[in-house]
Amino acid sequence: MANKHKIAPSVLSADFSRLGDEIKAVAQAGADLIHLDVMDGHFVPNITAGPILVEAARRSTGLPLDAHLMIEHPERYIAAFAQAGAGSISVHVETCPDLPKTLALIRQCGAAPAVAINPATPLATIHGVLDQVKMVLIMTVNPGFGGQAFIPACLDKVAQLRALLDQRGLDVEIEVDGGVKLDNIKSLADAGATVFVAGSAIFKSADYAQTIRDMKCVIAAS
Ligand code: DX5
Ligand code: ZN
């Protein structure tokens, strides 16, 4: 199917001293959306930036912006991220005591709701909200840092989720995030992932366009 797969460069591995140029470069190189990692130093051991990051990206590209909130109390900040220009907002199931309410808030604010799930968190924790999301973000590393190694056990989680979505007739994207590289992207696509976040694989490569082209080529037949 044409355009089924999307490549989402994560700017976490970009050169932040030239953020606007880096975003323009990956957009020019064939990126489908821009993945923005928001970390609070509580839910994850690292800190990035808040809505100001989304707002800066918004001024750099017309591509959809995918905000991945690795923060506690995400409901406090959803309106600000939507206002800043996020097209999709992912909140972690681990941080949301009332997940349906938080997803509804994202929708009310005009963004596409998505739920993110850590490697150690069972899929059953999100079974009840699958009809309320546009996308499920399956973490394939423990969140917090770019450049970590893909956890192979997550592959099965992707396949299980795709089977469940098909069984329920739900048209939901599966986004994979963490350690996605040229050598594992095809197995992820075959398992049913449709959105591929790649930080270091793209921003640490010499030629962004070539890397994105190679990734799309490898998964084209999946
Ligand atoms: C990690 C972030 C990822 C990260 C991925 O917590 O959610 O988006 O940037 O980086 P790579 O692709 O280098 O693993
Ligand atoms: Zn991310």
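As shown above, the structure is provided for reference.
Residue positions within a chain follow its written sequence, with the count starting from 1. To label them, take the chains in the order written and letter them from A, then take the ligands in the order written and number them from 1. Given that the model is predicted, a residue must reach a pLDDT of at least 70 before its local features are reported, and side-chain atom pairs must reach 80 or more before they are shown or counted; all residues, however, enter totals for whole chains, interfaces and linings. Heavy atoms from the whole structure form the basis of all side-chain values; hydrogens and water molecules are not counted.

Caption draft 1: Seen up close, the side chain of Ser205. Its location among the elements puts Ser205 in the loop between helix 7 (200–203) and helix 8 (208–219). Under this definition, polar contacts are N or O atom pairs within 3.5 Å; protein pairs additionally need one hydrogen-donor-capable and one acceptor-capable atom, and for neighbouring residues in sequence, both atoms have to be side-chain atoms. In this structure the side chain of Ser205 is engaged in a polar contact, spanning 2.7 Å, whose partner is the backbone oxygen of Ile202. A distance of 2.8 Å separates a polar atom in the side chain of Ser205 from a polar atom in the side chain of Thr211. Contact criterion: two residues are considered in contact whenever any of their non-hydrogen atoms come within 4.5 Å of each other. Excluding anything up to four places from it in sequence, Ser205 contacts Ser200 and Thr211. Per the convention used, a helix needs a DSSP run of H or I reaching at least four residues, while a strand needs a run of E reaching at least two, with both numbered from the N terminus.

Caption draft 2: Summary view of empty space enclosed by the protein. Put plainly, a pocket is an open set of points on a 1 Å grid over the protein atoms alone with protein on both sides within 12 Å along at least five of seven lines, a cavity is a set where a 1.4 Å probe fits but cannot get out, and a lining residue has an atom within 4 Å of a point. Grid points are joined across faces, edges and corners, and a volume is the space filled by probe spheres set on the points. Per the counting criterion, the structure on display carries one cavity of 30 Å³ or more. Approximately 210 Å³ is the volume attributed to the largest cavity. If you trace the largest cavity, you find 24 residues lining it, with Phe145, Gly146, Gly147, Asp177 and Gly178 closest to the centre. Among the elements of the structure, strand 2 (34–39), strand 3 (65–70) and strand 8 (195–198) are those that each provide at least two residues to the lining of the largest cavity. Put simply, Ala, Val, Leu, Ile, Met, Phe, Trp, Tyr, Cys and Pro go in the nonpolar bin, Asp, Glu, Lys and Arg in the charged bin, and everything else, Gly too, in the polar bin. Here the residues of the lining of the largest cavity sort into ten nonpolar, eleven polar and three charged.

Caption draft 3: Examining the nonpolar core more closely. Put simply, buried Ala, Val, Leu, Ile, Met, Phe, Trp, Tyr and Cys residues joined by side-chain atoms within 4.5 Å make one nonpolar core. Any residue under 20% of the maximum accessible area for its type is buried, any over 50% is exposed, and the rest in between are partly exposed; the area is computed with a 1.4 Å probe on protein chains only. If you look at the biggest cluster of nonpolar residues, it comprises 64 residues, and the most contacted ones within it are Leu69, Ile89, Val91, Ile126, Val136 and Phe196. For Val136, the residues in contact, after removing those within four places along its chain, are Val115, Ile117, Ile126, Leu130, Leu161, Val172, Glu173, Ile174 and Glu175. Among the nonpolar cores identified, the runner-up in size contains six residues, and Ala8, Leu33, Met135 and Val197 belong to it.

Caption draft 4: Spatial organisation of the site of ligand 1. Nearness of a residue to a molecule or strand requires only that one of the residue's heavy atoms be within 4 Å of it. Near ligand 1, the surroundings consist of 20 residues, among which Ser10, Gly144, Asp177, Gly199 and Ser200 are the closest. Within the side chain of His68, an N or O atom sits 3.3 Å from an oxygen atom of ligand 1. Contact between ligand 1 and Asp177: an oxygen atom at 2.7 Å from a side-chain N or O atom of the residue. Surface accessibility follows the Shrake-Rupley procedure with a 1.4 Å probe radius. Residue values consider only the protein chains on display as shielding. Burial of ligand 1 by the protein amounts to 100% of the accessible area it has alone, namely 380 Å². At the level of secondary structure, the elements contributing two or more residues to the shell around ligand 1 comprise strand 2, strand 3 and strand 8. By residue number, the principal contributor to the shell around ligand 1 is strand 2, which donates three residues.

Caption draft 5: Expanded view of the pairing of strand 2. Counting buried residues along strand 2, six of its six residues qualify, which places the element largely inside the surrounding structure. Side chains Ile34, Leu36 and Val38 of strand 2 all project onto a buried face; the interleaved residues His35, Asp37 and Met39 project onto the opposite face, where all are buried too. What makes two strands pair is DSSP finding at least two bridges between them. Sheet topology places strand 2 next to strand 3; six bridges connect them, and they run parallel. Considered in strand 3, the bridge of Val38 is made with Leu69. Remark: the strand 2/helix 2 (residues 51–58)/strand 3 crossover connection has right-handed handedness. A crossover counts as right-handed when, viewed with the strands pointing away from the observer, the path leading from the first strand over the helix to the second turns clockwise.

Caption draft 6: Seen up close, the pattern of salt bridges. Whenever Lys or Arg places a side-chain nitrogen within 4 Å of a carboxyl oxygen from Asp or Glu, that contact is recorded as a salt bridge. In this structure the tally under the stated criterion is six salt bridges. With its nearest N and O atoms 2.4 Å apart, the salt bridge here joins Glu173 to Lys6. In this pair, Glu173 is assigned in strand 7 (residues 173–177) and Lys6 in strand 1 (residues 6–9), connecting sequence segments 167 residues apart. A relative accessible area of 26% means that Lys6 is categorised as partly exposed.

Caption draft 7: Highlighting unusual backbone geometry. Located in the positive-phi region is His73, a residue other than glycine, with phi close to 50 degrees. You can call His73 partly exposed: its relative accessible area is 38%.

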